[in-house]
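Fold and contact review
The primary structure of each chain is shown beneath.
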Amino acid sequence: MSRHQELLSDPSSENGIIRRYDAEAIAKYYRIRPWLYIWRTLTVVWVFGTFFFSLLWDKWTNRTEKNKQKRASQLRQLLTHLGPTFIKVGQALSTRPDLIRKDFLDELIKLQDQLPPFDNQIAFAIIESELNCSVDEAYREISPHPVAAASLGQVYRAVLHTGEEVAVKVQRPNLRPMLALDLFLMRCAAQRFGRWLPLNLGHDLTLIVDEFGAKLFEEIDYVNEGHNAEKFATNFRNDPEVKVPAIYWQYSSHKVLTLEWINGYKLTDTEKIRSAGIDPNEIVKIGVTSGLRQLLEHGFFHADPHPGNLFATPDGRMAYIDFGMMDQLEEEAKETIASAVVQLINQDYEALAEDFVKLGFLTPDTDIKPIIPALEKVWGNAIGQSVGNFNFKTITDEFSELMYDYPFRVPAKFALIIRSLITQEGLALSLDPNFKIVEVAYPYVARRLLRGESPQLRRRLLEVLFKDGKFQWQRLENMIAIARSDKKFDLLPTAQLGLQYLISDEGRYLRRQLLLALTEDDRLHTEEVQRLWVLIKDEINPQQLWQAALNTFRELSVSGVAALVPTVNTLR
Ligand SMILES: Nc1ncnc2c1ncn2[C@@H]1O[C@H](COP(=O)(O)OP(=O)(O)OP(=O)(O)O)[C@@H](O)[C@H]1O
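Under an unreviewed UniProt entry, the name given to the chain is Protein kinase domain-containing protein, and the organism recorded is Hydrococcus rivularis NIES-593.

The structure is reproduced here in structure tokens:
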């Protein structure tokens, strides 16, 4: 059995707590061992009790406004003091503008992994017991101290006997029982007091604790992280701009992860990046485009792209590390996000509100009418004079205000996505203060829609191009103009794809609609067609287009050509 298979089949448990999060099993374990949780319960109750009392005191003495900042900072400190589970809760809450006051939110966002490193002796003992060999047998060299310490583990730099440079991630001792105990207490509190909380969580609070627990347990399983890294690498295998470290399974376990060392500069080190001769703008573009590819193409996305997890490599690529927290988007959600971006840019707020319902931000029974003008206002405030000024931070700030007035809620998955987008944008802005996310994002979305590689995307394009049964010439023009601003966008293959689609069986509806559109309002829309032609004529010369059309016919089966006959007949 290989080391990798051996790791996968390891059913062992730790201190009676099994590997996968199982709320019932954890409760059963602690219920008969009250001495294990009494002290922790008292500590947690005391820490939160004092905090809530100080909030009440502020209210009684009319100092809420004055002490706002101080209390927010105290909340961050007390979560840090209570350890990994509470730091993680704080990090998760920092993505929930619908649940948390804005001043607390700003403070929670700062919640980085601020724990001191643990003892080297303990770390090395963990490596030895996990890998079943001495540290010297596993690594030719290893740094005497960790190069980084985070909430869940710490990282050493090492060299394998075969010469490869690696990062060795070692998990904090006793982490699983610690998390299990805190989750048990949180669950008990949720069961007892959940119903009294004045929050619209959309779910039972115990379910939320369970979902959080399951994610956390996944995150501390380094075998799972290794798999995520490999899946992510496979998705980006044809992308020369993105680097993902390889996993050395032979030196990895559930608590030790050995992975390729990334030589590069964290995206926060702007100066170092510049002095290494790397163009920060290019890195920003790679970051945003690879972020969008994860969301809209692969559906498998890095849910924790904070500055420490992204590097610029000396050869101008962007490297991702830390695959503990990943999430998966369904096909339907991917498409709806793509269309929501387009609705936003097209300023079609009704369609946007409908997309919000589809994505779960609004329940299907919500009356969207009053929300439409509110969305219009938020968007108007957020973009100011032009679409180019759009940024996610402003828009989410505006949205968090909206959430109090309308029945919005943030589905857990989107909380991660939104955080991921804001982080990427923040990073981009730190590298290039003039950065406009729209300038990179929209050409990408437009390019994807126009290329329409999948039937679903083609359907979306149709939805965007036809509103109330009318063809939206202006939208097509906008989209082509914007997509063209992207260097990667080549009109010819797109035109060819469009043509193939038009004469295919699937394109019957579009053929008919286009013909109707051309003669809409009892006039031939030659003006619009001419404007479109002016937009594309520099890149497509008629000869090339003719050649592309011939190629398309040649590639198409007889059925494709047959599909064209009715269209030609209609034209006559
Ligand atoms: N492959 C690598 N190459 C170079 N440095 C690395 C690598 N992996 C980790 N590091 C360093 O270790 C730090 C912590 O690593 P990582 O983020 O994977 O740990 P973590 O415990 O999962 O942290 P978090 O609490 O943020 O999830 C990184 O910020 C980076 O500085």
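Don't stop here, the text continues.
Some remarks on the overall build of the chain
Check the secondary structure of the chain and you find 26 helices and 13 strands. Across the 572 residues in the chain, those meeting the buried criterion constitute 33%. Look at the contacts in the chain between residues 6 or more apart in sequence, and 67% of them connect residues 24 or more apart.

Overview of the environment of Asp-210
Looking at the element boundaries, Asp-210 is found in helix α10 (residues 205-219). Under the C-beta neighbour-count criterion, Asp-210 is labelled partly exposed, with 19 such atoms within 10 Å. Sequence separation of Asp-210 and Ile-321 is 111 residues, and the distance between their C-alpha atoms is 26 Å.

Considering the UniProt feature "transmembrane region" (unreviewed entry) in the chain
As recorded in UniProt, the feature "transmembrane region" (unreviewed entry) lies at residues 37-57. As a span, residues 37-57 carries 95% helix and 0% strand, and end to end its C-alpha atoms are 30 Å apart.

Here's the deal with the site of the ligand
Every one of the 21 residues lining the ligand counts as a neighbour, but Ala-148, Ala-150, Ala-167, Gly-308 and Asp-322 are closest to it. For the shell around the ligand, the secondary-structure elements that each account for two or more residues are β3 (153-160), β4 (165-171) and β6 (256-260). Looking at side-chain class alone, the shell around the ligand contains eleven nonpolar, five polar and five charged residues.

Section: the packing of helix α4 (residues 64-82) against helix α6 (residues 102-109)
Interhelical geometry of α4 versus α6 gives an angle of 40° and a closest axis separation of 9 Å. It follows that α4 is oblique to α6 by the angle criterion. Regarding α4 and α6, the two cross each other, and that crossing is right-handed. Between α4 and α6, the contacting residues are Lys-68, Gln-69, Ala-72, Ser-73, Leu-75 and Arg-76 on the first element and Asp-103, Phe-104, Glu-107 and Leu-108 on the second.

Some words on helix α5 (residues 84-93)
In an α-helix, one turn spans 3.6 residues, which is why side chains three or four residues apart end up on the same side. Among the ten residues of α5, nine are classified as buried, and the element is accordingly described as predominantly covered. Here α5 has its buried residues at Pro-84, Thr-85, Phe-86, Ile-87, Lys-88, Val-89, Gly-90, Gln-91 and Ala-92.

A closer look at the sheet that holds strand β7 (residues 265-266)
Spatially, β5-β10-β9-β7 is the arrangement adopted by the four strands of the open sheet, whose pairing is mixed. Two strands close off the open sheet at either side, each with one partner strand: β5 (242-243) and β7. Pairing analysis gives two bridges linking β7 to strand β9 (residues 310-312), with the strands arranged antiparallel. The residue of β9 that forms the bridge with Lys-266 is Phe-311. Lying on the sheet, helix α13 (residues 280-298) is in contact with β5, β9 and β10 (318-320); it crosses β10 at an angle near 45°.

Some thoughts on the pairing of β4
Of all the seven residues making up β4, six are buried; the element is thus mostly covered by neighbouring parts of the structure. Sheet analysis places β3 next to β4, joined by seven bridges and oriented antiparallel. Within β4, the position partnered with Ala-158 by the bridge is Val-166. Between β3 and β4, which follow one another and run antiparallel, lie four residues, and Gly-163 among them has a positive phi close to 100°. As paired strands, β4 and β6 are joined by five bridges and run antiparallel to one another. Paired with Val-166 across the bridge in β6 is Glu-260.

Details of the packing of helix α9 (residues 175-193) against α10
Look at α9 against α10: their axes get within 8 Å of each other, and the N-to-C directions meet at 165°. If you check the angle between α9 and α10, you find them roughly antiparallel. Relative to α10, α9 is oriented so that their crossing is right-handed. Residue-level contacts link Leu-179, Leu-183, Met-186, Arg-187, Ala-190 and Gln-191 of α9 to Leu-205, Thr-206, Val-209, Gly-213 and Leu-216 of α10. For the contact of α9 with α10, the per-class residue count stands at seven nonpolar, three polar and one charged.

Digging into unusual backbone geometry
The backbone phi angle of Asn-132 is positive, close to 60°, even though this residue is not glycine. Backbone geometry places Asn-174, a non-glycine residue, at a positive phi of 60°. Tracing the backbone shows Asn-174 in the loop between β4 and α9.

Observations regarding the nonpolar core
Judged by nonpolar contacts, the single largest core of 79 residues is most densely connected at Val-168, Ile-283, Ala-312, Val-341, Ala-441 and Val-445. Sort the elements by how many residues they give to this core and helix α18 (residues 412-431) lands first, with eight residues. Counting 15 residues, the second largest nonpolar core, distinct from the first, contains Ala-150, Ala-180, Leu-181 and Phe-184.

Some words on α10
In a regular helix each residue adds 1.5 Å, so 15 residues correspond to 21 Å; α10 covers 21 Å between its end C-alpha atoms and thus fits that length. Within the span of α10, buried status applies to Val-209, Gly-213, Leu-216, Phe-217 and Glu-219. Seen along its axis, α10 keeps its buried residues to an arc of 150°; they face one direction. Buried residues belonging to α10 abut α2 (23-31), α5 and α9.

Cut-off values and rules
- Residues numbered from 1 in each chain as written.
- Predicted model: local features only at pLDDT ≥ 70, side-chain atom pairs only at ≥ 80, totals over all residues.
- Helix = DSSP H or I, 4+ residues; strand = E, 2+ residues; numbered from the N terminus.
- Buried ≥ 20, exposed ≤ 12 C-beta atoms within 10 Å, placed from the backbone.
- Contact = placed C-beta atoms within 7 Å.
- UniProt positions renumbered as here; feature names shortened; annotations may be inferred.
- Near = placed C-beta within 6 Å.
- Nonpolar A, V, L, I, M, F, W, Y, C, P; charged D, E, K, R; others polar.
- Axes fitted to C-alpha atoms, helices over the stretch in contact; angles between N-to-C directions.
- Parallel < 35°, antiparallel > 145°, perpendicular 65-115°, else oblique.
- Left-handed = near helix turned anticlockwise from the far one by under 90°.
- Pairing = 2+ DSSP bridges.
- Core = buried A, V, L, I, M, F, W, Y, C linked by C-beta atoms within 7 Å.
- Expected span 1.5 Å × (residues − 1).
- Arc of directions from axis to C-beta.

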